[in-house]
Each structure stands twice: as C-alpha cells, then as structure tokens.
Amino acid sequence: MVPSRFNTIVERKKVSSLKIGFFDSGLGGITVLSEALRRLPNENFVYMADTLHVPYGTKTPQEVLGYVKASVQMILKEDIKALVIACNTATSIAVAELRKEYKFPIIGMEPAVKPAVEMNRANGKRVLVLATPLTLKQSGYAALVSRVDDHGSVDSLPLPELVQYCEQLNFDRTELFNYFNHKLSSFNLDVYGTVVLGCTHYPFYKEILRELLPSHIQLIDGSQGTVKRLKQVLSERNLLAAPLTTGQLQEGHVTFLCTSQDKAYVHKMERALEIYAEHEKIYL
C-alpha cells in the first residue's frame, strides 16, 4: 500500500503541474489520449507503452497482471494525479488490483457494449463486438454483456492480428480490406446496427471499416466515455488543471515512455498520435 505518495505529491506541487498518466501495451491507448487532448486542453500527460510485452491480447491473465503492475511502478516515477488504463484487456485483468494498491484515481476501459445496445433498441439490429481474444474470454466481459444485453443481440469477434497491424503502423488499404473481408465473411452484416471497437488499437482503422461496412452500421468505441469519466473524476476531486500561465509547460504536452526504452518506438508513438489526430479531424 502506498496511500501517502499521492497525498505527498499533491501537497508538494500545484495540481496544474501534475500529469495524467496513460498506459497501454502499445500504440492503442493513443486513440484515447487523442480524445483526452481534445477534451482536456489544459492538462499535460505521460504515456507509457509496455513495448517489452505487446500484444497483451494473446497473453495469460497472470502474465498481463504482472506486466501492468511493473509498468505502473515505472509511471510513478513521473508525478501523476490520475491514471488511465487505456487498454480493455489490461483493465479487465488489473484495474481492481491497482485500485486496492493506489489512492489516486484510476480510470479503466470496457468495450462500449451498453451504448451500442441502447443505440439499437429502436431498430432491432444486432451488435458486433470486435476485441482481443483475452478480453472476450474474461468473466468481466461476459458479465457486461449479460447485464446490458436483454435480447441476446450481442455477438463477438476476436481480431488479434489487428493489434500487430497497428503496432507496425500498417495502413495498407488492400491488405486491410482483405483482412476484414476474410474475418467478417461469415457474418450477415445486414442484421447489425452497431460495431463496437473493443480494443483501443482498433479505432486506427475506423476509416477503412466505414468504407467496408454497410452504411447503416455505426462504429463506436470507449474513448469518449472514458475521457468523460476521467474529466468527471478530476473535477470531483478538484484535480482539473487551471489554464496555464506564461512560463509553464505548454498545454497539451505529452511525455512518451516505453518499457523497452526504445527511442525509435517513442518516435513511432509520436507519429501514431499525429496520424490519429489528423484522421479524427475528418469526422469532428
């Protein structure tokens, strides 16, 4: 237990100088970070990728729990006031343990099944959840679906290879179209109204999915809900940063870190943020 560390930091530093930590196994959490940069413009961030062990979706729960705990210890070397576990797999396995151990706010993620089901209530369409194999195997996911899916309208499809495409910054349209067509070939897409992107890597491919899927299908992910919750928690605890003044670190600054301490991967994270932010401008 380390309840005193966070309190000591808050007493020692102004809230505005503290960072919001983001964690993922790799590049996926950048889709959530991009949303946070847009909705929390006065905040500064530190983003940690566990490049030594990416991808998480094919690991065992015990392995993932150990990786997450070790990575959080590294993030604590930065002065953070909150932590976002920007990974559905890591959240399902580790967030409860982390909340027992640390006193600062920890925001997790889960596939956006509930809003997807609600969006389809009127039209009777089905929901298709795309996620990693490990997320779909977790009891938390089964409990989530059971809780919100009154009519048995949710189907799931694991896409483990898509994480690797993202980690390689592979956006080759022909290759990705062939991949998605193969994976979705057994589904009658006419019966679906919403596709849930249940891994934070997957929103990098929203543009390709929008072109491939029937026009009536809506895409949804957990980024907006997660950042909305982050902002709410920071406000409740009086941890929101005030507008920055002259001489302070530029607002919206992101410090990128990775467990392998690979400078090339840090540059890749910076590039991935640029790519995703530019992509999102098209749809705002």
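Details of the structure are given in the entry above.
Residues numbered from 1 in each chain as written. Predicted model: local features only at pLDDT ≥ 70, side-chain atom pairs only at ≥ 80, totals over all residues. Heavy atoms only, no water.

A. Highlighting unusual backbone geometry. Cis geometry marks the peptide bond from Val54 to Pro55, where omega comes out at 5°. A positive phi angle, near 55°, is found at Asn238, a position not held by glycine. As for its placement among the helices and strands, Asn238 is situated in the loop between α11 (223–236) and β9 (254–258). Positive phi outside glycine occurs at Gln261, with the angle close to 55°. (Helix = DSSP H or I, 4+ residues; strand = E, 2+ residues; numbered from the N terminus.)

B. Region of the structure containing the sheet that holds strand β5 (residues 126–131). Judged by pairing direction, the sheet is parallel, and its four strands sit side by side in the order β6-β5-β7-β8 without closing on themselves. At either margin of the open sheet sits one strand with a lone partner, and together these are β6 (154–158) and β8 (218–221). With direction set aside, neighbouring strand axes in the sheet form an average angle of 25°. Pairing geometry for β5 and β6, over five bridges, is parallel. (Pairing = 2+ DSSP bridges. Axes fitted to C-alpha atoms, helices over the stretch in contact; angles between N-to-C directions.)

C. Main features of the layout of surface pockets. The volume enclosed by the second largest pocket comes to roughly 150 Å³. What lines the second largest pocket is simply Phe171, Arg173, Phe204, Tyr205, Glu207, Ile208, Ile275, Tyr276 and His279. The dominant element in the lining of the second largest pocket, judged by the number of residues it contributes, is helix α12 (residues 263–281), at three residues. Here the residues of the lining of the second largest pocket sort into six nonpolar, one polar and two charged. (1 Å grid on protein atoms, 1.4 Å probe; cavity = no way out; pocket = protein on both sides within 12 Å on 5 of 7 lines; lining within 4 Å. Points joined across faces, edges and corners; volume = space filled by probe spheres on them. Nonpolar A, V, L, I, M, F, W, Y, C, P; charged D, E, K, R; others polar.)

D. Focus on the state of the cysteines. Per the stated rule, a full pass over the model turns up zero disulfides. Unpaired in this structure, Cys87 has its nearest cysteine sulfur neighbour in Cys199, at a distance of 6.5 Å. On the basis of relative accessible area, Cys87 is assigned to the buried category, the value being 7%. Sulfur of Cys258: no disulfide; nearest cysteine sulfur belongs to Cys166 and is 15 Å away. Residue Cys258 is classed as buried on the basis of its relative accessible area of 5%. (Disulfide = S-S within 2.5 Å. Buried < 20%, exposed > 50% of the residue type's maximum accessible area, 1.4 Å probe, protein only.)

E. Geometry of empty space enclosed by the protein. Under the criterion given, the structure shown has two cavities of 30 Å³ or more. Space inside the largest cavity adds up to approximately 80 Å³. Lining of the largest cavity is provided by 15 residues; of these, Cys87, Thr89, Thr132, Cys199 and His201 occupy positions nearest its centre. In terms of residue class, the lining of the largest cavity is made up of five nonpolar, nine polar and one charged.

F. Up close: the pairing of strand β3 (residues 80–85). Across the six residues of β3, six count as buried, placing the element largely inside the fold. Pairing geometry for strand β1 (residues 19–24) and β3, over five bridges, is parallel. Residue pairing for β3: Ile20 is matched across the bridge by Ala82. As defined by bridge partners, β3 adjoins strand β4 (residues 106–107) across two bridges and the pair is classed as parallel. Bridge pairing links Leu83 to Ile106 in β4. Handedness of the β-α-β unit built from β3, helix α4 (residues 88–101) and β4 comes out right-handed. (Right-handed = clockwise from strand over helix to strand, strands pointing away.)

G. Broad picture of the pattern of salt bridges. Summed over all chains, the structure comprises eleven salt bridges. Between Arg173 and Glu211 there is a salt bridge, with the nearest N and O atoms lying 2.4 Å from each other. Of this pair, Arg173 sits in helix α9 (residues 173–184) while Glu211 sits in helix α10 (residues 206–212), and the two are 38 residues apart along the sequence. In this structure Arg173 comes out as partly exposed when scored by relative accessible area, which is 36%. Linked by salt bridges that have partners in common, Glu35, Arg38 and Arg39 make up one network. (Salt bridge = Lys/Arg side-chain N within 4 Å of Asp/Glu carboxyl O.)

H. Main features of helix α7 (residues 139–148). Along α7, the residues classified as buried are Tyr141, Leu144, Val145 and Val148. The arc enclosing the buried residues of α7, seen along the axis, measures out at 95°, which places them on a common side. Exposed and oriented more than 90 degrees from the buried face of α7 are Ser139, Ser146 and Arg147. On the buried face of α7, the contacting elements are α5 (113–120), β5, α6 (133–137) and β6. (Arc of directions from axis to C-beta. Contact = heavy atoms within 4.5 Å.)

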